[in-house]
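Residue strings, one per chain:
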Amino acid sequence: MGSPRILFLTTNGAGLGHLTRSVAIGRRLPDPVDYVVFTLSQAAPIIADLGVVTEFMYSHGFGGIPVAQWHDLYRHRLHALLDRYEPTVVSFDGTYPYRGLVNVIDERPDLTWVWCRRAMWKPGVGERNLELAEHFAHVMEPGEFAREFDRGATTQHRGADHVHGVAPVVQARRDELLDRTQACRRLGIDPDGTNVLVQLGAGNNIDTETTGGFVIRRLLDRGATVVVPVSPIMVTHPRIPDGAHTVSVYPLAPLLPAFDASVAATGYNTFHELVHFAVPSLFVPVTTKEVDDQLARARWADTAGVGLAVEDEDQASLARGVDELLDPHVRARLAAACRALDPSNGADEMARLYADIARSGHDREPASH
Amino acid sequence: MFFVLNVGRSGSRTIAQVLSQAPNCRCEHEPEPQLVEEAHAYRTGDLAQEDLVELLRSSRPVDGPAEGADADDDAASTEVRGESANRLSFVIPALREAFPNAQHVWLVRDGRAMVSSALQRGWYDPDRDAMSYGRHRPTAVQLGDVDEATWASWEPFERLCWYWARLNRQIREDADDPRLVRVEQLDQEVDALATWLGLEPTSFVVTRANRRYTDDEPRPPHARRSNHVDQLFTVDDWTSDQHETFRQHCGDLMDDLYPGWAERPPDSWASSTAAGSEEVIDQHLLAGVHEQLAELRFFQQEMMALRQERQDLRTQVQGLEDRLDACIQERDDHHDARQRLTDARQRLTAELAELRDRADDLQRQLATAREERRTQVTTLKTEAAAQLRRERARRTEILQSRTYRTALGLKRISSRVRSTSRRAALAFDRALPDATAPDSTRASRDTSRPAAPAADHALAPVSPWAEHVAARLVTVPDIDGSVDGAVLYALMVWDPTPDDLASVVQEVRTLQRGLGGFAVVYITDSEAFHVFRTDGIVFEHIPPARHRQGPGDEDWASFRDRRLALLMEAYRPNHVMLMSPGAEGRAGSLAALEASVRALPVDRQGG
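Residues numbered from 1 in each chain as written. Chains lettered and ligands numbered in written order. Predicted model: local features only at pLDDT ≥ 70, side-chain atom pairs only at ≥ 80, totals over all residues. Heavy atoms only, no water.

A. Layout of the overall build of chain B. A count of helical and extended segments in chain B gives 16 helices and ten strands. Looking at chain B as a whole, 40% of its 607 residues are labelled buried. In chain B, of all internal contacts separated by at least 6 residues, the share reaching a separation of at least 24 is 73%. (Helix = DSSP H or I, 4+ residues; strand = E, 2+ residues; numbered from the N terminus. Buried < 20%, exposed > 50% of the residue type's maximum accessible area, 1.4 Å probe, protein only. Contact = heavy atoms within 4.5 Å.)

As structure tokens, this is what we get:
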């Protein structure tokens, strides 16, 4: 019998959010617990390059495969991976456990199934999804700084015995951050300049060109150095105004010290990275997301004074936000407010919880064949 | 509306009383505010005309319905309002601005009689004229006619002469086309005057009001006490100097107003109303009767007004009583409503408590049901796990059975035979100069990896890997999206560069468009997912050797073969082919694929 092992299953989200969170937990698992990732995300090779054992399958709807057949294929594949890697815990990170997955859960009761379920759902969305929680022995809820603004369906399930909440999960550790000079050298920018990171969504299903282009031009006009991260999974690269730098790096967090400020959407990972590492930010929430209540995060940040927020993407509001962000006094205030928050990283606590579950499941009679 | 302008001591009260005898006239004598100080201030420039105009408009009633008449009753007569007061004569410009449509009556009296009367009243006598009227009487100095020294040298008599002449000239100049009325001839002129003012025809009785009485002519009870004097002072009592003084100041104006005045006494202007009458009537008594009648009419009008006011008040009281009743009723209604609300609230509170109890019960039932279900699920899972273990044990038994091992061995032998014959064919092809055979000996960049498995790129039967799966799990659509009848090719592409992979995919798609009828699933270790993602091409990724860090000591080739077996099981392709991605071998691979597709029977269906 080998080491206790966790198999992380992730969906094909618009960004790398689910994958990033799984890796954030996996890399913190204490020895001898190890992990494997089975993902539908096109970013699988990127994770694999980091040394993570990664398996990939295309997602439903891809290639015209009928959805019912895809679920059968997923079930077939997952069974094979369970046989191969013999995990004791299987963790699913997504908002909706698919039918193919649920079938395998029912067929493999010898394993411990965990649902890693981010909160901050839009009100009235996904309430039926929560009924599927009964298939899972545990529900892990990555924490939210904006918890008090959460109006989604998951709030009704907090407090149950099998639901475990932790602090916000951030992949990078503080000791992994480069110093400003090193980070700027990696990016090819001047450490003495006012460097601004602009990341306004994955760009796969959101048109960031209009808002992003305006923000970038405004920043450039005011003498800032603009860096735009290009996601490795973006199908089409956005048109970026001349003068802005692009970078395709994953993970980006170690390079955050290079930046004096950021203009960003409020997806889970981006938002919590920026606040956790106290990067003064102007938040422009993406409101077209299906489930994620980005608007609530932005409003909390503005209310709590840890960030600026623009809700209406008209040029006047964006211009005001950008100009305010470039005020060094404002940035100092925002950074101080961020540093006053709880510095703990939920990934550490979640890794401990997973390890405990894995060990307790591993010590049981193995489901040998 | 009309104003009787005069200098005072000229019959202003008399004319007011006389004109008020008309049913539709109400003429007041010196009503409040009397404008004593205001007129003085206006003369001296201390009160602006606009302020005086506003005061006049706010304090003087205009023509309107008679008191007690319905304001909406068109048939009700309109009361003509008038005022008779000498102070108005000082403020005519403001009066005209305030009431531009008012008529002006210029009431005059023989200057000699006026001066005598005023002198007897103490006008301009500093010892006697100390009241407000006296302090605010105009002086020639104020009006700029003489200097202080001259004015100080004038006796009250001379001052009065100046006053009579000066003010009457002022009236003549400032008034708006005034109608001249001599008080001495009021009885003759009153009818015409009334017609001019729009009054109803009336039998006016002209009596003299405000006249003086002496001990010789005692004051009747109705007369004012202040009209009693010790002795009358008339023109007959004037000195020659006084006559001269009067002539100097007033002579010209007297010539205009009272022609031939110098030869006639002041009391000669009056008409002899009693002359020729057969009835001898005591003039004083008659005058008194007329006075009393006039006052009686005045009081009658006052009483009518008071009666109307009383009626109005009664109506008001009734209205207030009705409102009070309504408020009481409203209060009672509110009280009832509040009581109903209180009852309803109590009822709802009780219902809410009951519902909460029911909700708690249901919650408990739900928790119990969930727990029971969880227990059931756990039991079922445990049973299923046991069943699964039994099935696997059975499977192990089968796999370890002699029968299976024998059959497997035979199959392997058969496979080796086919493999040997394929290698022979390859060797034969290699020996030929024909370059159509695929370059399966191309050196891999990773020389430590074993060579990729060769594929049967001639027409081949269904892959032996698919034997264990009853049917395909997925049906890959062809380039047109059709899932019916397409022959499925599994194309393996190992370790290509992204550009080579893109070229392979592009050229295969060109073949698909041209030939049609076959679907493709790619199997590759390449990480250039975007090549497939752009057009939604089905592909399976097998982690390359540098990434695979799975458990155990399994080498990559074994891992790859096990994964291929899994994929064959799921897709059950009709053909499996190896595609050389490099420029050299790619043409051969594509040619082989094309040949394979072209060799497919027209009516052959995949599956």
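B. View of the overall build of chain A. Looking only at helices and strands, chain A features eleven helices and 13 strands. Within chain A, contacts between residues at least 6 apart in sequence are counted, and of these 73% link residues at least 24 apart. Of the accessible surface of chain A, which amounts to about 14200 Å², a share of 46% is contributed by carbon and sulfur atoms. (Areas by Shrake-Rupley, 256 points an atom, 1.4 Å probe, with all protein chains shown as cover.)

C. Structural view of a nonpolar patch on the surface. Residues Leu 285, Val 289, Leu 293 and Leu 296 of chain B make up a contiguous nonpolar surface patch of about 360 Å² in total accessible area. Within the secondary structure layout, Leu 296 of chain B lies in helix α11 (residues 283-400). (Patch = residues over 30% accessible without salt bridge, like charges linked within 9 Å, V, L, I, M, F, W, Y side chains within 5 Å. Salt bridge = Lys/Arg side-chain N within 4 Å of Asp/Glu carboxyl O.)

D. Region of interest: the sheet that holds strand β7 (residues 163-168) of chain A. All names here are of chain A. Taken in spatial order, the seven strands of this open sheet run β3-β2-β1-β4-β5-β6-β7, and their pairing is parallel. Every other strand in the sheet has two partners, leaving β3 (54-56) and β7 as the edge strands with one partner each. The sheet shows a mean angle of 20° between the axes of neighbouring strands, direction not considered. Direction of pairing for strand β1 (residues 5-10) relative to strand β4 (residues 89-93): parallel, over a ladder of five bridges. Looking at β4, one finds that Ile 6 is bridged to Val 89. (Pairing = 2+ DSSP bridges. Axes fitted to C-alpha atoms, helices over the stretch in contact; angles between N-to-C directions.)

E. The interface of chain A and chain B, seen in detail. The partner chain B presents 40 residues to the 40 residues of chain A that form the contact. Buried surface at the junction of chain A and chain B, both sides included, amounts to about 3500 Å², of which 56% is carbon and sulfur. Contact with chain B buries area across many residues of chain A, yet Phe 62, His 76 and Arg 84 of chain A alone supply 18% of it, more than any other trio. Remark: the boundary between chain A and chain B carries three salt bridges. Here Arg 373 of chain B makes a salt bridge to Glu 134 of chain A, at a shortest N to O gap of 3.0 Å. (Buried area = accessible area lost by both parts, 1.4 Å probe.)

F. Local environment of a negative patch on the surface. All names here are of chain B. A contiguous patch of negative charge, built from Glu 50, Asp 51, Glu 54 and Glu 97, is present on the exposed surface. Ranked by residue count, the leading element in the negative patch is helix α3 (residues 49-59), at three residues. Turning to its location among the elements, Glu 54 is positioned in helix α3. (Lys, Arg positive; Asp, Glu negative; His and termini not counted. Charge placed at Lys NZ, Arg CZ, Asp CG, Glu CD.)

G. Summary view of the environment of Ser 41 of chain A. Residue and element names in this part refer to chain A. Tracing the backbone through its elements, the reader meets Ser 41 in the loop between β2 (34-39) and α2 (44-49). Since its relative accessible area comes to 2%, Ser 41 is described here as buried. In this structure, the C-alpha to C-alpha distance between Ser 41 and Gly 17, residues 24 residues apart in sequence, is 9.9 Å.

H. Highlighting empty space enclosed by the protein. Summed over all chains, the structure comprises four cavities of 30 Å³ or more. Space inside the second largest cavity adds up to approximately 50 Å³. Taken together, Ala 44, Pro 45, Ala 48, Thr 54, Glu 55 and Phe 56 of chain A together with His 541, Pro 543, Pro 544 and His 547 of chain B form the lining of the second largest cavity. For the lining of the second largest cavity, the elements supplying multiple residues, two or more each, are α2 and β3 of chain A. A class-by-class count of the residues in the lining of the second largest cavity yields six nonpolar, three polar and one charged. (1 Å grid on protein atoms, 1.4 Å probe; cavity = no way out; pocket = protein on both sides within 12 Å on 5 of 7 lines; lining within 4 Å. Points joined across faces, edges and corners; volume = space filled by probe spheres on them. Nonpolar A, V, L, I, M, F, W, Y, C, P; charged D, E, K, R; others polar.)

I. Representation of unusual backbone geometry within the structure. Backbone torsion omega between Tyr 250 of chain A and Pro 251 of chain A reads -5°, so that peptide bond is classified as cis. Tracing the sequence through the fold places Pro 251 of chain A in the loop between β10 (245-247) and β11 (261-264). Cis geometry marks the peptide bond from Glu 32 of chain B to Pro 33 of chain B, where omega comes out at -10°. Looking at the secondary structure, you find Pro 33 of chain B in the loop between β2 (25-29) and α2 (36-44). Of note in the backbone geometry, Met 120 of chain A takes a positive phi value of approximately 60° without being a glycine. Of note, Met 120 of chain A is situated in the loop between β5 (112-116) and β6 (138-143). Judged by relative accessible area, Met 120 of chain A falls into the buried class, the value being 0%.

J. Summary view of the side chain of Glu 141 of chain A. Tracing the sequence through the fold places Glu 141 of chain A in strand β6. Those residues in contact with Glu 141 of chain A that lie beyond four places of it in its chain are Arg 117, Ala 119, Arg 147, Thr 154, Arg 158, His 164, Gly 165, Val 166 and Met 350 of chain A.

K. Molecular detail of the nonpolar core. Leu 9, Tyr 74, Leu 78, Leu 101 and Trp 113 of chain A together with Tyr 522 and Tyr 571 of chain B are the most contacted members of the largest nonpolar core, which has 78 residues in total. With sequence-adjacent residues up to four places away left out, Leu 9 of chain A is seen in contact with Phe 38, Tyr 74, Leu 78, Val 90, Ser 91, Phe 92, Asp 93, Leu 101 and Trp 113 of chain A. Judged by nonpolar contacts, the second largest core, of 54 residues, contains Val 53, Leu 160, Cys 161 and Trp 261 of chain B. (Core = buried A, V, L, I, M, F, W, Y, C linked by side-chain atoms within 4.5 Å.)

L. Representation of the pairing of strand β7 (residues 487-493) of chain B in the model. Residues and elements named next belong to chain B. Extensive coverage of β7 is indicated by the burial of seven of its seven residues. Direction of pairing for β7 relative to strand β8 (residues 518-524): parallel, over a ladder of seven bridges. Paired with Leu 491 across the bridge in β8 is Tyr 522. The parallel pair β7 and β8, bridged by helix α13 (residues 498-515), forms a crossover whose chirality is right-handed. Taken together, the four bridges between β7 and strand β10 (residues 575-578) define a ladder with parallel strand orientation. Of the residues in β10, the one forming a bridge with Leu 491 is Met 577. (Right-handed = clockwise from strand over helix to strand, strands pointing away.)

M. Local environment of the confidence of the model for chain A. Per-residue pLDDT for chain A averages 86, and the proportion of residues at 70 or more is 92%. Ignoring residues within four places in sequence, the model shows residues 363-369 of chain A, a span with pLDDT below 50, making eleven contacts including any to other chains. (pLDDT = per-residue confidence, 0-100.)

N. Structural view of the packing of aromatic side chains. One pass over the structure, following the stated rule, counts 30 aromatic pairs over all chains. Here the aromatic residues Trp 123, Tyr 124, Trp 151, Trp 154, Trp 162 and Tyr 163 of chain B are joined through ring pairs into a cluster of three or more. Sitting above the plane of the Tyr 85 of chain A ring, Arg 84 of chain A keeps its charged end 5.1 Å from the centroid. The positively charged end of Arg 43 of chain B is found above the aromatic ring belonging to Phe 90 of chain B, 4.7 Å away from the centroid. (Phe/Tyr/Trp six-rings, centres within 6.5 Å; stacked < 30°, edge-to-face > 60°. Lys NZ or Arg CZ within 6 Å of the ring centre and 35° of its normal.)

O. Highlighting the packing of α13 of chain B against helix α16 (residues 583-598) of chain B. Residue and element names in this part refer to chain B. Orientation of α13 relative to α16, taken along the N-to-C sense of each, is 25°, at an axis distance of 11 Å. As the angle between them shows, α13 and α16 are arranged roughly parallel. Here the hand of the crossing between α13 and α16 comes out right-handed. Packed against α13, whose contacting residues are Asp 500, Ser 503, Val 504, Glu 507, Val 508, Leu 511 and Leu 515, the element α16 presents Arg 586, Leu 590, Leu 593, Glu 594, Val 597 and Arg 598 at the interface. (Parallel < 35°, antiparallel > 145°, perpendicular 65-115°, else oblique. Left-handed = near helix turned anticlockwise from the far one by under 90°.)

P. Structural context of the sheet that holds strand β9 (residues 539-541) of chain B. All names here are of chain B. With respect to topology, four strands assemble into an open sheet ordered β9-β8-β7-β10, the strand pairing being parallel. Strands at the two margins of the open sheet, each flanked by one partner only, are β9 and β10. Taken over all neighbouring pairs, the strand axes of this sheet differ in orientation by 20° on average, direction set aside. With three bridges connecting them, β8 and β9 associate as parallel partners.

Q. Geometry of the confidence of the model for chain B. Residue and element names in this part refer to chain B. Overall, the predicted model of chain B reaches an average pLDDT of 81, with 78% of residues at or above 70. Ranking the elements of chain B by mean pLDDT puts strand β3 (residues 64-65) last with 63 and strand β5 (residues 103-108) first with 96. Here residues 433-469 is a poorly scored stretch, pLDDT under 50, and it has 63 contacts once near neighbours within four places are set aside; other chains count. In the predicted complex, the global pTM is 0.54; the interface-specific ipTM is 0.86.

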